[in-house]
Amino acid sequence: APRRGGGDAAASAATLDSYDPTLKNHPNNNNNNAISEKEGAKRLATEMKRRAEKRANKKQKLEYDAVDVTSINDRNKRFNQKIGRNFDKHTAEIRQNLERGTAM
């Protein structure tokens, strides 16, 4: 019975390698089977540094300033800004009373 999916394993492996950034400069892609441990260690170190930088950049994006946070996500933040442009002048007194604790 013929195999499902067809194609040869080498072609599918080459396609898989093209999607994986860690295998882009892999020595086996150059038909060189002798991999030195130093090259592998360097490649591992650079990949770990790349991932650490990516993680650090993501954390910086997630950090919030110590300002008054009145939203739960970015979409809500934009909504609150739009509402604020139109209604802040009318609700300023109510907001001040709530902050002072003298609201009725």
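None of these values were measured; they are calculated from a predicted model. (Residues numbered from 1 in each chain as written. Predicted model: local features only at pLDDT ≥ 70, side-chain atom pairs only at ≥ 80, totals over all residues. Heavy atoms only, no water.)

A. Representation of a positive patch on the surface. A contiguous patch of positive charge on the surface is contributed by R75, R78, K82 and R85. Tracing the chain through its elements places R85 in helix α3 (residues 74–100). (Patch = residues over 30% accessible without salt bridge, like charges linked within 9 Å, V, L, I, M, F, W, Y side chains within 5 Å. Areas by Shrake-Rupley, 256 points an atom, 1.4 Å probe, with all protein chains shown as cover. Salt bridge = Lys/Arg side-chain N within 4 Å of Asp/Glu carboxyl O. Lys, Arg positive; Asp, Glu negative; His and termini not counted. Charge placed at Lys NZ, Arg CZ, Asp CG, Glu CD. Helix = DSSP H or I, 4+ residues; strand = E, 2+ residues; numbered from the N terminus.)

B. Up close: α3. For α3, which comprises 27 residues, the first-to-last C-alpha distance of 28 Å sits more than 12% below the rise-based estimate of 39 Å (1.5 Å per residue). In α3, a bend of some 75 degrees at D88 exceeds every other bend along the element. A side-chain oxygen of the first residue of α3 lies 3.3 Å from the backbone nitrogen of R75; this N-cap is N73. Positive backbone phi, at 90 degrees, marks G101, one or two positions downstream of α3. (Expected span 1.5 Å × (residues − 1). Bend = angle between axes of the 7 residues up to and from the residue. Polar contact = N/O pair within 3.5 Å; in protein donor to acceptor, adjacent residues only side chain to side chain.)

C. Region of the structure containing the pattern of salt bridges. Enumeration over the complete set of coordinates arrives at three salt bridges. Its salt-bridge partner being R51, residue E47 comes within 2.8 Å of it at the nearest N-O pair. Residue E47 and its partner R51 are located together in helix α2 (residues 37–62), separated by four residues, close to a single helical turn. Under the relative-accessibility criterion, R51 is labelled partly exposed at 46%. Its salt-bridge partner being R95, residue D88 comes within 3.2 Å of it at the nearest N-O pair. Judged by its relative accessible area of 34%, D88 falls in the partly exposed class. Accessibility expressed as a relative area gives 40% for R95, which makes it partly exposed. Through salt bridges that share partners, E47, R50 and R51 make up one connected network. (Buried < 20%, exposed > 50% of the residue type's maximum accessible area, 1.4 Å probe, protein only.)

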